[in-house]
Structure formats: C-alpha cells, structure tokens
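# What the coordinates show
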Amino acid sequence: MESQSFIKGSSIKAVKEFIVKHGGDESYQKVIDGMSADSRSVIGNKSILSSTWYPMDVYVDFLKSVKNVLGKDNKIILYETGSYIIEYGYNAFYKLFYRFGSPQFILKNSKYLWSSYFKPSRLTVVKTTETSALLRVEGEPLPDKVLCESTAGGMEQSAKLSGAKNIKIQETQCRVTGSPYCEYDITWEL
Ligand SMILES: [Zn+2]
C-alpha cells in the first residue's frame, strides 16, 4: 500500500529508545512482532535513519503495537511517547530553538517544528496569548487516534521545555470524529 503521508525517522528512533528505556529490548521485540509483516519489512530490526521519511501507515501500526504491548498498565503511554519524541529532538537538534523562547514564542513557531517531523500535514497557530495557545493540525488523509494522543504529549513537552508550568492540554476537535481538523487547546502558567 502506498502511503501518502510521512514521518521523519528521528521520531521512530525516539519511540524505539523510549520503549527500550521502559521495557527493555524484550518489549521492543514484542512491539515489532505485533506489527504487520509489511511494517516489519520497513522498520523491524533495521537501523532507522533520522533524516529519512517513513510512511505514516507504518508509523501508525508501530504506535498501535506500542499501545498493545505497553498500554495495558499505562493508559497514557502514547501521550508519554509523544512527549519523549520532543525531548529526544530537543537533546539532539533543537536546544537553541527552545533556549531563548517564551512558551508563547515556542508554540507560535511550532509549525516549523511540525513540518520537520511530518509531511504533508501542517500545524496552524490559530491564536496565542502569554499563557495559552490554540493549535490546529490539518492537511493529510484521516489520521488515527494514536497520532492525536502522541501529538498532545508532544505539545505539552514543547510547552514544558520552554518554561511553562501546570500545563493543561485538550484536543477539543478531532478529524477522527468528523471535524475538518484536530484542534488542541493548551493553557499554562508562567
Ligand atoms: Zn485528532
């Protein structure tokens, strides 16, 4: 099956590192074994290249398997996965991006971060204040809920890395349930 949307390999590498950290190599093997044969042929037991674009349907299959293997004891496993992707990117590439920005500045510019991870979907900043942001994701075939859950975790981590405290995030509209976009309402304290 030809995938029409893509994710950067660095995300897959981050998720792999997250799984191994929490459940060891054994858990990672279970996640790989839980994917379809097609997905396994793309990312199973192969080295993942950070700057390569991978098919989104493979990534969704990967996240679903993470949820099956590790989600029984942890209902927010995908939220934590998204959060780890941002932390991984922060340590590897984006420290300077965060260092000088307020949470408002960082979330206002998160559309650039988004397009370094995903194509062709895009992040639109609807509005921001000093302590809130309204963000929309749109422009790709119907997403899977596992993506929305990990996206929320990534947005929270982005706010946290730029100094926000007591962050609350809610996906108030979702393409999975019929809205034309996924909309995330984020508030925090300084
Ligand atoms: Zn959604």
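Keep in mind that this is a model prediction, so the values were computed, not measured.

Our next topic: the sheet that holds strand β1 (residues 6–8). Taking strand neighbours across the sheet as the criterion, the three strands line up as β2-β1-β3 in an open arrangement whose pairing is antiparallel. Bordering the open sheet on either side are β2 (53–55) and β3 (118–119), each of which pairs with just one other strand. Pairing analysis gives three bridges linking β1 to β2, with the strands arranged antiparallel. Paired with Lys-8 across the strands is Trp-53, a residue of β2. Of the strands in this sheet, β1 and β2 touch helix α3 (residues 56–70), which is tilted by about 70 degrees from β2.

Okay, the domain arrangement of the protein next. Each assigned domain of the protein is listed with its residue range as follows: domain 1 (6–77) and domain 2 (102–189). Placing a centre on the C-alpha atoms of domain 1 and another on those of domain 2 gives a separation of 22 Å. Counting only elements with at least two residues in the side of domain 1 that touches domain 2, the list comes to β1 and α3. Here the side of domain 1 that touches domain 2 takes four residues from α3, the largest share from any one element.

Mapping Thr-128 onto the fold places it in strand β4 (residues 122–129). Taking the C-alpha atoms as reference points, Thr-128 and Gln-157, separated by 29 residues in sequence, lie 17 Å from one another. Those residues in contact with Thr-128, other than ones at most four positions away along the chain, are Gln-104, Leu-107, Lys-108 and Ala-133.

This part is about the nonpolar core. Nonpolar side chains in soluble globular proteins tend to be buried together. Val-15, Tyr-59, Phe-62, Val-66 and Ile-186 are the most contacted members of the largest nonpolar core, which totals 47 residues. The biggest single contributor to this core is α3, with eight residues. There are two domains that each give this core at least three residues, and those are domain 1 (6–77) and domain 2 (102–189).

Turning our eyes to something else, we now look at the pairing of β4. Sheet topology places β4 next to strand β5 (residues 132–138); seven bridges connect them, and they run antiparallel. Within the sheet, the bridge partner assigned to Lys-127 lies in β5 and is Leu-134. Connecting β4 to the next strand, β5, in antiparallel fashion are two residues.

Turning to the packing of helix α1 (residues 9–33) against α3, a few remarks are in order. Taken N-terminus to C-terminus, the directions of α1 and α3 make an angle of 45 degrees; their axes are 11 Å apart at the nearest point. Comparing the axis directions of α1 and α3 gives the class oblique. Relative to α3, α1 is oriented so that their crossing is left-handed. Two secondary-structure elements touch here, α1 through Ile-12, Val-15, Ile-19, His-22, Gly-23, Ser-27, Lys-30 and Val-31 and α3 through Tyr-59, Phe-62, Ser-65, Val-66, Val-69 and Leu-70.

Overall, antiparallel pairing links the four strands, which are arranged β4-β5-β7-β6 in an open sheet. Either end of the sheet is taken by a strand with one partner, and the two such strands are β4 and β6 (165–173). On average, each strand axis in the sheet is tilted by 20 degrees relative to the strand beside it, whichever way the strands run. Across six bridges, the pairing between β5 and strand β7 (residues 182–189) is antiparallel. Following the sheet pairing, Ala-133 is matched in β7 by Ile-186. Those strands touched by helix α6 (residues 110–117) are β4 and β5, and its axis lies near 160 degrees from that of β4. Where helix α7 (residues 145–161) meets the sheet, its contacts fall on β5, β6 and β7, and the angle it forms with β6 comes to roughly 150 degrees.

About the cut-offs
Residues numbered from 1 in each chain as written. Predicted model: local features only at pLDDT ≥ 70, side-chain atom pairs only at ≥ 80, totals over all residues. Pairing = 2+ DSSP bridges. Helix = DSSP H or I, 4+ residues; strand = E, 2+ residues; numbered from the N terminus. Contact = placed C-beta atoms within 7 Å. Axes fitted to C-alpha atoms, helices over the stretch in contact; angles between N-to-C directions. Domains from an automatic or database assignment. Core = buried A, V, L, I, M, F, W, Y, C linked by C-beta atoms within 7 Å. Buried ≥ 20, exposed ≤ 12 C-beta atoms within 10 Å, placed from the backbone. Parallel < 35°, antiparallel > 145°, perpendicular 65-115°, else oblique. Left-handed = near helix turned anticlockwise from the far one by under 90°.

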